[in-house]
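# An overview of the molecular structure
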Amino acid sequence: MPFNFDTKAGTLSQLKGKLVSAKIVPLVAFSLADWRSDHEACLDRVASGLPGGPWIVRSSCSREDNATRSNAGSFLTLKNITESNLEESIEKVIESYVDDIKTDQVLIQFMLKNVLRSGVAFSHDPNTCSPYRVVNWSEGDDTSIVTGGAGGRTWLQAAESKIPPPKNLSGVVELLDELLELFNDEPLDFEFAFTTSEALDETTESKNNELVLWLLQVRRLILARSPQSKFMQSARLQRIQEKVARGMLPHPFLIGESTVYGVMPDWNPAEIIGLRPKPLALSLYRELITDSTWAYQRNNYGYRHLRSFPLMPHFFGLPYIDVRLSFNSFIPVDLEEGLAGKLVDYYVNRLLAQPALHDKVEFEIVFSCYTFDLSERLERLEGVGFSNSECKAISNSLRNLTNRILHPKEGLWREDAAKLERLEIRRAELLASNADPLERIYWLVEDAKRYGTLPFAGLARAGFMAIQILKSLVSIGIFSEGDYDAFVASVSTVSGQLARDLAELDKTMFLSRYGHLRPGTYDILSPRYDEAPDLYFDWEQNRQSPESIKPFYASKRQTRELEKLLQDHGLHSDPKGFFDFLRAGIESRELAKFHFTRNLSDALALIKQCGKSWGFSTEDLSYCDIATFKELHVAAANPKESLARSIEQGKSRFQDTLAISLPALISKPEDVWAFELPKSTPNFITQKQVTAPVVSFEEREMLAGALVCIPNADPGFDWLFSYPIAGLITAWGGANSHMAIRAGELGLPAVLGVGEILFERWSSAKRLHLDCAGRRVEVLS
């Protein structure tokens, strides 16, 4: 007969003597009625029923861990309690209940000694509501690190996974399975601890010196919707595994033995469209860049011919970069085939050996252009089997390629920069014409590819090369770090001009220039600046213009050394042309994006307009595919019926997207079933989006409607939920912390455990956009 969830104390009492895979910490519980009628009798029960302290005094009342809410962390828990302060501690816990309900209880447990590992385990992922076994744990004797939101490690495992968990967690998964069986597969979570001894007496060692697993508490897990079936999950993951396995086989038109799939390398979808983009955003990104444009432009710039290869496969809507394909595209077209294949295999193997570099492959792994320190960087190849002659061949190929791009008169980037003007002219002609909305959408997208993202891809390559070459000047001592910063600061970018115009232009003029911008470039649900100007800017604020751009001048010594350096390295430029290229590379990349996103944003606005006329909301339209609008342009089809089918299919597919969790880097097919989250990966709570100002938790008068930053996800910050805050960001905090549970229950967008670097960056911003489903945070100001 299945067990039923009760209060904290009641549930543990049911399990005493029934649990096989773990032990239950000795406990004593009594009701408020018992306590009020006879303090001494209750205290005697603790003294006689538990080993000598210290103890933990916990809440166990009807307003937590019930069928509708957990109220995790809402009531007091006190540690390291001894006989001298036991009575006082019990009173404090009761006081935290506020309401004096006689049947409520107080739970007292023995405080374990010799704790080596502790944490929290979920039977289901609260964000996806799918049956992923989620274990958040930390090493050491502090059992509050995970529940208090101070961090820890996280392991995810699909319910039907055959992949064993790490050895240090095997007992936890066994305990989870046993509890699910006892509670009839009802979603649950529990706290656990491992000790080196029986933990009740430090002198009593466990049998064969084995670790002992303890169950500290177990409760019902409240999900936002009905949990996904483990059989549906298994079927999806099996398909993904088969797709990954096929993709990792040798390919007749690619070099390199196998591949890796990642969300951050190259045209990093995690940053641009998020991990779970809506179908329209995904289809637009593919249409404009990753299906073909990326390869055409890379080949134009002297890299291998990979046209017709889609760069970004997706697994039920989760976009990934085929890293072998990406690495192929960074091989100069004139590099000998055998050496090229050897180099791609080296790139893949290095990424597998150092997966933390997955968002830094172009800086840390790939040699994609010639730099002044290239010979030193290539030395690491000689340590893994490349000959000196092979390294020279790679260097020569990269020099030839780089010369074609940075040449002062015939550099490839110049032709791309000129295309942007053509884009502007054609857009003005199109919007001034009598073309119907469907025709406008079609040509805005087509022109965005031909005259927008195609040159943007080239200018982005030139911009990346400029930064790498600039950094190499620092590496060899021609520039100092200060020189580098001064040069970059001297570049005039769109974002810098926007800041100046915001201070100097009136609202109407500013929006006429920048109104097409939106935080989520491909997301129709993200309002344009001119659609919701007050959402993004405080127009009443008196702004001072940013400081004028200070021009950068290389010293005479630096100019002489650079001139000799260019000659010695065989680079076809003079110092002036070289600096022009560096400056133009950085500036043009951002300018190109500014121009092509105007076409894209105007197309999204027209899609919204058409959809509204046919009875569809903007939310509905986010689920359609751009291919539907392209088809409506050429076909005599019923637009309402065609769009309705596309939206229905998109909504169905997106439910699959929301139900799946995958690692940031898939290095083998089995990874789709079980994986550990990288330490630096933030925990996104809910799958909502929010744009709001950023404040510290100390600024109470500004909390309403704000994204609140706190150091960690400690339950002591529970008072924040009494304010109508827009969302939460913490430096530290696990997926299973009290704050994660509370935010999930309240439907509050939150990003927990972002780490010190990201917390410093985001908490210093004035306004952020959080996309929890897409696992993306964007600084707006």
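Residues numbered from 1 in each chain as written. Predicted model: local features only at pLDDT ≥ 70, side-chain atom pairs only at ≥ 80, totals over all residues. Heavy atoms only, no water.

## Some thoughts on the overall build of the protein chain
Counting secondary structure elements, the protein chain contains 28 helices and 23 strands. In terms of C-alpha radius of gyration, the protein chain reaches 30 Å, essentially the compact-globule figure of 28 Å for 781 residues. Across its three principal directions, the C-alpha atoms of the protein chain cover 95 × 65 × 55 Å. Restricting the contact set of the protein chain to residue pairs at least 6 apart, pairs at least 24 apart contribute 68%. For the protein chain, the exposed surface amounts to about 33000 Å²; the carbon and sulfur share of it is 50%. In the protein chain, 86 positive and 103 negative side-chain charges are present, and the distance between their average locations comes to 5 Å. (Helix = DSSP H or I, 4+ residues; strand = E, 2+ residues; numbered from the N terminus. Rg over C-alpha atoms; globule rule 2.2 N^0.38 Å. Contact = heavy atoms within 4.5 Å. Areas by Shrake-Rupley, 256 points an atom, 1.4 Å probe, with all protein chains shown as cover. Lys, Arg positive; Asp, Glu negative; His and termini not counted. Charge placed at Lys NZ, Arg CZ, Asp CG, Glu CD.)

## What about the sheet that holds strand β2 (residues 27-31)?
As summarised here, the arrangement of the 4 strands in space is β2-β5-β3-β4, forming an open sheet in which the pairing is antiparallel. Two strands bound the open sheet, and with one partner strand each, they are β2 and β4 (78-81). Between one strand axis and the next, the sheet turns by 25° as a mean value, whatever way the strands run. Of the pairings in the sheet, the one linking strand β3 (residues 55-60) to strand β5 (residues 105-110) comprises 6 bridges and is antiparallel in character. (Pairing = 2+ DSSP bridges. Axes fitted to C-alpha atoms, helices over the stretch in contact; angles between N-to-C directions.)

## A word on the nonpolar core
Grouped together as the largest cluster of nonpolar side chains are 117 residues, with contacts concentrated most on Phe327, Tyr522, Phe581 and Phe629. The element that contributes the greatest number of residues to this core is helix α17 (residues 437-475), accounting for 18 residues. Membership of the second largest hydrophobic core comes to 31 residues, among which are Leu169, Leu175, Leu176 and Phe192. (Core = buried A, V, L, I, M, F, W, Y, C linked by side-chain atoms within 4.5 Å. Buried < 20%, exposed > 50% of the residue type's maximum accessible area, 1.4 Å probe, protein only.)

## Considerations on the sheet that holds strand β15 (residues 665-666)
Across the sheet, 3 strands lie side by side as β14-β11-β15; this open sheet has antiparallel pairing. The sheet is open, and its two edges are formed by β14 (321-322) and β15, each paired on a single side.

## Quick word on the pairing of β5
The element β5 is extensively covered by neighbouring structure, given that 6 of its 6 residues are classed as buried. Of the two faces of β5, the one holding Gln105, Leu107 and Gln109 and the one holding Val106, Ile108 and Phe110 are both buried throughout. Examined bridge by bridge, β2 and β5 share 5 bridges and lie antiparallel to one another. Each bridged residue has a counterpart across the sheet, and for phenylalanine 30 the counterpart in β5 is valine 106.

## Section: the side chain of lysine 8
By the secondary structure assignment, lysine 8 is in helix α1 (residues 8-15). A polar side-chain atom of lysine 8 sits 3.2 Å from the main-chain carbonyl oxygen of serine 59. Ignoring anything within four residues of it in the chain, the contact list for lysine 8 reads Arg58, Ser59, Ser60, Glu64, Asp65, Leu107 and Gln217. (Polar contact = N/O pair within 3.5 Å; in protein donor to acceptor, adjacent residues only side chain to side chain.)

## Looking at a negative patch on the surface
A cluster of acidic side chains, namely Asp34, Asp38, Glu40, Asp44 and Glu87, defines a negative patch on the protein surface. Relative to the helices and strands, aspartate 44 is located in helix α3 (residues 39-49). (Patch = residues over 30% accessible without salt bridge, like charges linked within 9 Å, V, L, I, M, F, W, Y side chains within 5 Å. Salt bridge = Lys/Arg side-chain N within 4 Å of Asp/Glu carboxyl O.)

## Some thoughts on the packing of aromatic side chains
Tallied over the full model, the rule gives 30 aromatic pairs. Clustering of aromatic rings is evident, with ring pairs tying together Phe372, Phe479, Phe487, Phe552, Phe578 and Phe579. Positioned above the aromatic ring of phenylalanine 194 is the side chain of arginine 117, whose terminal nitrogen or guanidinium carbon lies 5.3 Å from the ring centre. The positively charged end of lysine 342 is found above the aromatic ring belonging to phenylalanine 386, 4.6 Å away from the centroid. (Phe/Tyr/Trp six-rings, centres within 6.5 Å; stacked < 30°, edge-to-face > 60°. Lys NZ or Arg CZ within 6 Å of the ring centre and 35° of its normal.)

## Remarks on helix α22 (residues 556-568)
The end-to-end C-alpha separation of α22 is 18 Å, in line with the 18 Å expected for 13 residues at 1.5 Å each. Of the residues making up α22, those classed as buried are Gln558, Leu562, Leu565 and Leu566. Around the axis of α22, the buried residues are gathered within 95° of arc, so they sit on the same side. In α22, the exposed positions angled more than 90 degrees off the buried face are occupied by Lys556, Arg560, Lys564, Gln567 and Asp568. Those residues of α22 that are buried lie in contact with α17, α18 (481-489) and α23 (575-613). A positive phi of about 70° marks glycine 570, the residue just after α22. (Expected span 1.5 Å × (residues − 1). Arc of directions from axis to C-beta.)

## Here's the deal with the pattern of salt bridges
A complete count under the given rule lists 36 salt bridges for this structure. The residue arginine 286 makes a salt bridge to aspartate 291 at a minimum N-O spacing of 3.3 Å. In the salt-bridge network here, residues are joined through shared partners; they are Glu287, Glu446, Lys449 and Lys630.

## Remarks on the confidence of the model for the protein chain
Summary statistics for the protein chain give a mean pLDDT of 88 and a share of 93% for residues scoring 70 or more. Considering only residues more than four positions removed or in separate chains, one finds that residues 202-206, a stretch of pLDDT under 50, has 10 contacts. (pLDDT = per-residue confidence, 0-100.)

## Overview of the packing of helix α14 (residues 374-382) against helix α15 (residues 388-406)
Orientation of α14 relative to α15, taken along the N-to-C sense of each, is 140°, at an axis distance of 10 Å. The pairing of α14 with α15 is recorded here as oblique in orientation. Here α14 runs over α15; the crossing is right-handed. On α15, the residues touching Leu374, Leu378, Leu381 and Glu382 of α14 are Asn388, Cys391, Ile394, Ser395 and Leu398. (Parallel < 35°, antiparallel > 145°, perpendicular 65-115°, else oblique. Left-handed = near helix turned anticlockwise from the far one by under 90°.)

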